[in-house]
Amino acid sequence: MSHPARESIYQAIASIRLIDPHTHINPHAPASRTLADLLGYHYYTELAHSSGMPKREIEEPGISPHELVRRLVHNLAPLENTSQYRWLVEICKKFFGFQADRIDTSNWESLYDAAERSMASAQWSQSVLDQSNVEAVFLTNDFDDDLSGFDTNTYIPCLRTDDLVFKLHQRDVQERLQRSSGVSLNGSLGSLRDAIRQLFLHFTANGARACAISLPPWFEPTMVNEGRASNALNAVLRHGEAVESSHVTALSRAVFWMLAELCDEFGLPFDLMIGVNRGVYAEGVFQGQDLYDSRVSLIQYRELFNAFPDVKFPVSVLASVTNQELVSYAWIFPNVITNGHWWYSNTPSFIHRDAAVRLEAVPQTKQIAYYSDAYKLEFVWPKFDMYRNILANILAEHFVGFNGWSEEQAIELGYKVLRGNVEAIFPSRT
Amino acid sequence: MSHPARESIYQAIASIRLIDPHTHINPHAPASRTLADLLGYHYYTELAHSSGMPKREIEEPGISPHELVRRLVHNLAPLENTSQYRWLVEICKKFFGFQADRIDTSNWESLYDAAERSMASAQWSQSVLDQSNVEAVFLTNDFDDDLSGFDTNTYIPCLRTDDLVFKLHQRDVQERLQRSSGVSLNGSLGSLRDAIRQLFLHFTANGARACAISLPPWFEPTMVNEGRASNALNAVLRHGEAVESSHVTALSRAVFWMLAELCDEFGLPFDLMIGVNRGVYAEGVFQGQDLYDSRVSLIQYRELFNAFPDVKFPVSVLASVTNQELVSYAWIFPNVITNGHWWYSNTPSFIHRDAAVRLEAVPQTKQIAYYSDAYKLEFVWPKFDMYRNILANILAEHFVGFNGWSEEQAIELGYKVLRGNVEAIFPSRT
Amino acid sequence: MSHPARESIYQAIASIRLIDPHTHINPHAPASRTLADLLGYHYYTELAHSSGMPKREIEEPGISPHELVRRLVHNLAPLENTSQYRWLVEICKKFFGFQADRIDTSNWESLYDAAERSMASAQWSQSVLDQSNVEAVFLTNDFDDDLSGFDTNTYIPCLRTDDLVFKLHQRDVQERLQRSSGVSLNGSLGSLRDAIRQLFLHFTANGARACAISLPPWFEPTMVNEGRASNALNAVLRHGEAVESSHVTALSRAVFWMLAELCDEFGLPFDLMIGVNRGVYAEGVFQGQDLYDSRVSLIQYRELFNAFPDVKFPVSVLASVTNQELVSYAWIFPNVITNGHWWYSNTPSFIHRDAAVRLEAVPQTKQIAYYSDAYKLEFVWPKFDMYRNILANILAEHFVGFNGWSEEQAIELGYKVLRGNVEAIFPSRT
Ligand SMILES: [Zn+2]
Ligand SMILES: [Zn+2]
Ligand SMILES: [Zn+2]
C-alpha cells in the first residue's frame, strides 16, 4: 500500500505548470482533429500489428479517419494491459467525457463523434494546453524548417540534426542544406561549417533552446582531423549514396563534432538520445520498425564529454541497462545531465527503477525528469501523469519514508526536476 | 504490506488448471521414486557442491538413493536461504505431510520413508498431477525419441534440436539421425533436409506442439547459401569432430535455418532459449557446469525474425538484462513471444521485475507466463506457485492499485498468460 | 509501508559488532581531524564539482581545512538529494550533536568547531569505533607498506596489488618492489616470483587476511606461458614505460597469475573488484575521474576460477548489471563469493535489488554483505547503517513476509552475511 504522504505529494506536483522539453508536436497542427490522430500514434498501430493486425489494414492508402479508427478498435483488445492503452483511455476520459474503461465496438462511434466535436473548436490546442497545465512544449524541427507561423514561446524550436550527421551523403539532404543555409558546399570543410553555422544563427534567432540528435548504439563520436574530414566530404559530394561507407562514417563524426562546437559557440544544450537501431523490422508499420542492441556504453562518449566542458549534454538512453552508466557519468561529468525516460524505457516499472536511482545519486540540479515525446498535444498530459504518479511514490517512500524528509522538501525536489531544471538548463533568450 | 486485492487474486489464479509448456519430464517415469530423485535435482547438488560438498560425495558410483539423501541432507544448511530450498520444503509439506521448516539430520529419515511410501503407489504420477492442478506437461524429446508408450495428451511431445544444430559433426549424432529418419546422409543438402523433415513428420504425427532449442550467447542465426552449406555438410561427414570449426559453424547455421523452415511448413512454434554457455565450470556436478555471458542481444536474431513472419518464436532469455530487449522485440515483431523465466532468472526478484515489465508493455496475447523446466512432476507445483504468488502481487499492486482495474480484469489477465495463451500459441492438432 | 517485523529485525542486526572487510583507512590517522577530512571525501568534492564548483576552488594548494569546508558548504545544496549527503548529515548528528537536516551557511561554522573539539580527543578513533559498534576494519595497504606502528587486530592488513599487476613497467614500481622485498629483479621470472613471495611472507606475518585488486573491464586473466612471460619481463625491465603495450599486457597477466598462485600457497582470499576504467574524466577532481564500461562479463574469469579451486575469490562488481552474473557464478563455483556493493552500485536502490537477488539464490555462507570502502572511520557507521536498513527491509518483506520465516531465522541470516561470513572467509591466523 502507498505511503501516507504520497497523495499530498502527488497533488502538489500535479499542480506544477509544465514545460515539456521534448516533443514531436507540429506547431501548425499541434492537437488532433479526429480520434484517428490519437489511435494512429505509432504505439497503437505497432502494438495492434504486433498482436496480429496486418499492416495493409492499417496503412491502406486513402482510408478515412473514421474507418481507420473502426479497424483499430477491433484490434485493441490484446493491448488493454499495456500502459500505452491506459494513456489513450485517460485522454478520452479527461478530454471527451468518456466513461468506460475499455474502448470497444460498442462505444467507439459515440466517442469518435464526441472527440470530433471537441477537436473542431478553434481553441482546441489552447484548451488542451490549459487543461493539461502545460505552458510550452519543445519541438523537433528539421534543420531546414523556416520556423515561422507559430508562437515560439509556446512552441519552442529545437534543431534536430540526425539528417546532417547520418544522411549527408544523400543528394536531397545536401540540397536541403544548401537551400536552407544559402551556402553552397564547394568541397571545403569551411563551406560545410558555414552552412551549418547558418542553421544555428537561424534557429537561435527564432528562439531555439536546444539542438538534438538520436544515435545508433554503434556510434562513437571522436574528432576527425581536417584532412580526413575533407576527404570524406569530397567523396560524399562526388559519389552521393554510392560512396564507400568509411567516408560516411568519417563525415558523420566530423559533422557531429562541428555540431558540438556550434552548440558551444551558441550556448545551446545538445540533447543526445542514445541507442536506437533504425529499421530492424523492415516490414513493420510506420515508426514501428526501430529496435536496439542494448550493448552500448557511455564510454563511447568519453572523448566528447572531455572535449566540450561548456556544452550541456542532456542524455537519454533507450535501454534501462544503460541507466546506471548515465547516472554515474552525470555524477562525475559536470556537463552530463540525465534526461527523461525514452521510448522502450517509458513504461512504469522502468521509470520507477531508473528515476529512483537518479534521484538518490545525481545532483538534483542535473536531472530533467521527463518529456512526453508526443506527436499530438493530447498525449502530454497522460504521459506526464504516469510519470508524476511514479515520482510521487518515490518521493513518499524513499525521501519521506526511508530518508525522513518533510513533505515540503520532497515537493521541492519534485518541482526542481519537473520544472525548475528545464528552465535552468534550457534558458530562454528572450 | 500487500494490497488488499492480493489474496483473492491469488486464490483465483491458483485455481487455474495448468498446462506446463516446458519440462524435462520423462513420460515413462514422470514422478519421483524416492527422495533422491528430488534432492538429486541439479539445483540441490550444484548448490551443495558450491557450498563446499565435494563432487565425488555426490556422484560416487553405486551409492544408494538413501545414502545420497543422507549425504545431501548434511550439506543443506548453507542453502536454506535459497528459493530452490523453499521448493523442496514445500513439496515435502504438500505431498508427504512434512511439518517442519527445515530438512535436517533429525527428521530426514522419517521424511524419506514417508515419501517412499507415497511414491510407491501405482497412481503416484497421476496423483501429483491432480494435487498440482496440472492437466498436461510439455516434454523435451531427443530428436530420435520414438514417442511411444505414453499418453501424448498428458505428456506432450516437443522436438528438441540442440544436437542437430550443434553436434552434427559427431558421428553418433549423424548415425542417430540416419537411423531415426530412415534417410541416409549422402552429402547433399537435400538428404539432410529430408532426414530432418522425417523427424517433423514423426513428431507432429505424435502430437508434438513445439520445436525447441537452447542457444549460446555468441550464436547468430543467418541464412547460409546452398554452396557454403553443402561444403560444410560434406566436410563434416568426411572429417567428423576433426573438421575445421568454420564448417561446424556454417552447418549449425544451415541446420538452424532448415529447422525454422520446417517449423513454418508444419506450423510448429520454435522455442528459443537464448544465452547459455555449456561447461564453463568443467569440474562441476552433472548439469551444474553451465553459465553465461550476459552480453547477448536479440539484434543477433534480426534476420531470423524478419525471414519467418509466420513462425511463432516463444523466446526465453537466460539473463534478466536481456528481458527489456525481449519485451521490446515482442512489442514490435508479431512473431516474437515472451516465454517464462528461465534458470538463473527463475528466482523471485528477477521474476518480479521481469514479469512486471512484460505485463505492462507486451500485448497480453503474446506472453507465456511461466514453465517449470522440471525433471520430476513434483516440482511443477512449487515453481508455479512461486510464480503465482509474484503474479498476484503484480496484478494487485500495479493493475488494481496503480491502474485502477477491477479484480476481475486482473484475474482475466492472469488466466490469459497462465493458461489461455499456452493453448492459443501451441494449439493441439487432435 | 514497511512490514511489521522490519523494526525488530533492524534493531537486532544493528546490534551486531562489525568487522568491516574493506576500507582505505590509514591506521596511523584512522579518524578525521577536522570537518575537512569528511567533506574532502571524493564523493563530496566530485559531486560538488559535477554540480558546477570549479576544480581549482577545491584543489587550490595551501588552503586551510576551514576555508575548504567553507567553500564546499556553499556548494552542497545541489547534493542534498543524494544518499552520500545523507551519510554526512548522519555523521554530524551522531558524532557531533548536529540538530539540523541541512549543512548550510548558517550553521556550518558551529558544526566545524564542535567537530574539531570532538576530534581533538586522543581517544577519538577508538570512540568512533565504539560508537559505531565496529571491532576491526580491513585496510588497503600498498605492497611496500611496512605494516608497523598500529594494532593489526583492529586495523587488519590487506595486500593491495594494483601496482604490481598494472604498473610494473614503471621504474619506481620496480624499485619499490626490489626495495621492499630485498630481491633484485634479474630478468628471470624466478626473481620476480621470489620478490612477490617475500611480500606475502611479510604481509601474512603481520596478520594480513586478504589480497586485493581492482580491475578494468577489459582485463581477462589467463595463464601466460613461461617463455612469453619471461620475454615480457625482460622487455619491461629494459624499456620501462617505453615498452610495447603487448608486453605490458602479458606481464600483467603473468603477475596476476602469480598472485593467485601465492594466494593459494598462503591461504589468502583474493578480493577481485571488477570493472573500473581509471581517468575517464581527466580534468575531474582527485579520485573523481574514474568511470566504467558496463559491458564486462565474469566469463572473462572462467579460466581463473577453474584453475584455482582452493582460492576464495570474494568478487565485487562495479555495475549492477553484472550482479546477476556474480550471483550465478557464486551459485555454481565453490570459490566465488559475493562481496559488498561497490562504489557506483552503493546507493539504496541498487543495494536493494542486488542484495535481494543474492539473498534468495546464493548459499548463505558465500555472501559478504557489505564493506564501507571508507577513508575515515566516521564513514563506516552511516554506510553500514544504510545497508542495514535495506537488509532489514528485505529480511522482513521477502523472508518473513513472502517466505513465511520467523524473525529469528531472518536475523540469523542477517548475522551470517554481516559478520559470521567475514570471520569464516577471512580467518585470522592469530
Ligand atoms: Zn523524440
Ligand atoms: Zn529446459
Ligand atoms: Zn576500495
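Here's what I pulled together on the structure shown here. Quick caveat: nothing in here was measured; it's all calculated off a predicted structure. (Residues numbered from 1 in each chain as written. Chains lettered and ligands numbered in written order. Predicted model: local features only at pLDDT ≥ 70, side-chain atom pairs only at ≥ 80, totals over all residues. Heavy atoms only, no water.)

**Some words on the coordination of the zinc ion (ligand 1)**
Think of it this way: four donors in a tetrahedron around the metal ideally sit 109.5 degrees apart, and six in an octahedron ideally sit 90 or 180 degrees apart.
Residues and elements named next belong to chain A.
Part 1 of the reasoning: Protein-derived coordination of the zinc ion (ligand 1) comes from H22 (NE2), H24 (NE2) and D373 (OD), at a distance range of 2.0 to 2.1 Å.
Part 2 of the reasoning: Read from N- to C-terminus, the donor residues coordinating the zinc ion (ligand 1) fall into the pattern H-x1-H-x348-D. Pair noted here: H22 is in the loop between β1 (18–20) and α2 (35–39) and D373 is in the loop between β11 (367–368) and α17 (380–402), with a separation of 351 residues, a long-range link. (Donors = N, O, S within 2.8 Å, 3.2 Å for Na, K, Ca; no water. Helix = DSSP H or I, 4+ residues; strand = E, 2+ residues; numbered from the N terminus.)

**Notes on the packing of helix α3 (residues 42–50) of chain A against helix α6 (residues 83–96) of chain A**
Residues and elements named next belong to chain A.
Part 1 of the reasoning: Closest axis-to-axis distance for the α3/α6 pair is 10 Å, and the angle between their directions is 130°. Compared by their axis directions, α3 and α6 come out oblique. Where α3 crosses over α6, the two elements pack in a sense that is left-handed. Between α3 and α6, the contacting residues are Y43, Y44 and L47 on the first element and Q84, Y85, W87 and L88 on the second.
Part 2 of the reasoning: In the contact of α3 with α6, the residues fall into six nonpolar, one polar and no charged. (Axes fitted to C-alpha atoms, helices over the stretch in contact; angles between N-to-C directions. Parallel < 35°, antiparallel > 145°, perpendicular 65-115°, else oblique. Left-handed = near helix turned anticlockwise from the far one by under 90°. Contact = heavy atoms within 4.5 Å. Nonpolar A, V, L, I, M, F, W, Y, C, P; charged D, E, K, R; others polar.)

**Comments concerning the interface of chain A and chain B**
Part 1 of the reasoning: On the side of chain B, 42 residues touch chain A, which itself brings 45 residues to the contact.
Part 2 of the reasoning: Two residues, B:E412 and A:R102, come together in a salt bridge whose shortest N-O distance is 3.6 Å.
Part 3 of the reasoning: Summed over the shared surface of chain A and chain B, the result is 25 residue pairs in polar contact (both at pLDDT 80 or more).
Part 4 of the reasoning: Counting residues per element, the side of chain A that touches chain B draws most heavily on α3(A), at five residues.
Part 5 of the reasoning: Considering only residue class, the side of chain A that touches chain B consists of 19 nonpolar, 17 polar and nine charged. (Salt bridge = Lys/Arg side-chain N within 4 Å of Asp/Glu carboxyl O. Polar contact = N/O pair within 3.5 Å; in protein donor to acceptor, adjacent residues only side chain to side chain.)

**A closer look at the interface of chain A and chain C**
Part 1 of the reasoning: Residue-level contacts link 42 residues of chain A with 45 residues of chain C.
Part 2 of the reasoning: Interface area for chain A against chain C, summed over the two sides, is near 3400 Å², with a carbon-plus-sulfur share of 55%.
Part 3 of the reasoning: Interface area lost by chain A to chain C is led by A:Q324, A:W331 and A:I332, which between them contribute 23%.
Part 4 of the reasoning: Our count for the chain A to chain C interface comes out at one salt bridge.
Part 5 of the reasoning: Across the contact surface, chain A and chain C share 26 residue pairs in polar contact (both at pLDDT 80 or more).
Part 6 of the reasoning: At the level of elements, α14 (302–307), α15 (323–332), α16 (348–361), α17 and α18 (407–425) of chain A are the ones that each hand at least two residues to the side of chain A that touches chain C. (Buried area = accessible area lost by both parts, 1.4 Å probe.)

**Digging into the coordination of the zinc ion (ligand 3)**
Part 1 of the reasoning: For the zinc ion (ligand 3), the full set of protein donor atoms is C:H22 (NE2), C:H24 (NE2) and C:D373 (OD), and the range of their distances to it is 2.0 to 2.2 Å.
Part 2 of the reasoning: The sequence pattern describing where the donors of the zinc ion (ligand 3) fall on their chain is H-x1-H-x348-D.

**Let's talk about the relation of the copies chain A and chain B**
Part 1 of the reasoning: Expressed as a screw operation, the relation of chain A to chain B combines 0.0 Å of axial shift with a rotation of 120°, fitting to an RMSD of 0.0 Å. One copy is carried onto the other by what is essentially a three-fold rotation axis.
Part 2 of the reasoning: Looking at chain A, a mere 9% of its interface residues are interface residues in chain B too, so the copies touch through different faces. (Least-squares fit on C-alpha atoms with pLDDT ≥ 70 in both.)

**Thoughts on the sheet that holds strand β1 (residues 18–20) of chain C**
Residue and element names in this part refer to chain C.
Part 1 of the reasoning: A sheet is described by the order of its strands in space; here three strands give the open sequence β1-β2-β3, paired in parallel fashion. Either end of the sheet is taken by a strand with one partner, and the two such strands are β1 and β3 (155–156).
Part 2 of the reasoning: In this structure, β1 lies alongside strand β2 (residues 134–138), joined through three bridges in parallel fashion. Paired with I19 across the strands is A136, a residue of β2. (Pairing = 2+ DSSP bridges.)

**Some details on the nonpolar core**
Part 1 of the reasoning: Residues A:L272, B:L272 and C:L272 are the most contacted members of the largest nonpolar core, which totals 475 residues.
Part 2 of the reasoning: Apart from residues no more than four positions distant in its own chain, C:L272 is found in contact with C:I213, C:L215, C:F256, C:Y301, C:L304, C:F305, C:F313, C:P314, C:V315 and C:S316. (Core = buried A, V, L, I, M, F, W, Y, C linked by side-chain atoms within 4.5 Å. Buried < 20%, exposed > 50% of the residue type's maximum accessible area, 1.4 Å probe, protein only.)

**Some points on the relation of the copies chain A and chain C**
Part 1 of the reasoning: Once turned by 120° and shifted 0.0 Å along the axis, chain A lies on chain C with an RMSD of 0.0 Å.
Part 2 of the reasoning: Of the interface residues in chain A, just 10% have counterparts in chain C that sit at the interface too, so the contact is made through distinct surfaces.

**Topic: the packing of aromatic side chains**
Part 1 of the reasoning: Here the structure, examined in full by the defined rule, presents 96 aromatic pairs over all chains.
Part 2 of the reasoning: Ring centres of B:F399 and B:W405 lie 4.8 Å apart, and the angle between their planes is 55°; this geometry places the pair in the tilted category.
Part 3 of the reasoning: Of the residues examined, B:F399 reaches a relative accessible area of 0% and is grouped as buried.
Part 4 of the reasoning: Every member of this aromatic cluster is reached through a ring pair, and the members are A:Y41, A:Y43, A:Y44, A:W87, A:Y292, A:W342, A:W343, A:Y344, A:Y375, A:F379 and B:W331.
Part 5 of the reasoning: Note that C:K94 overlies the ring of C:W381, its terminal NZ or CZ placed 4.3 Å from the centroid. (Phe/Tyr/Trp six-rings, centres within 6.5 Å; stacked < 30°, edge-to-face > 60°. Lys NZ or Arg CZ within 6 Å of the ring centre and 35° of its normal.)

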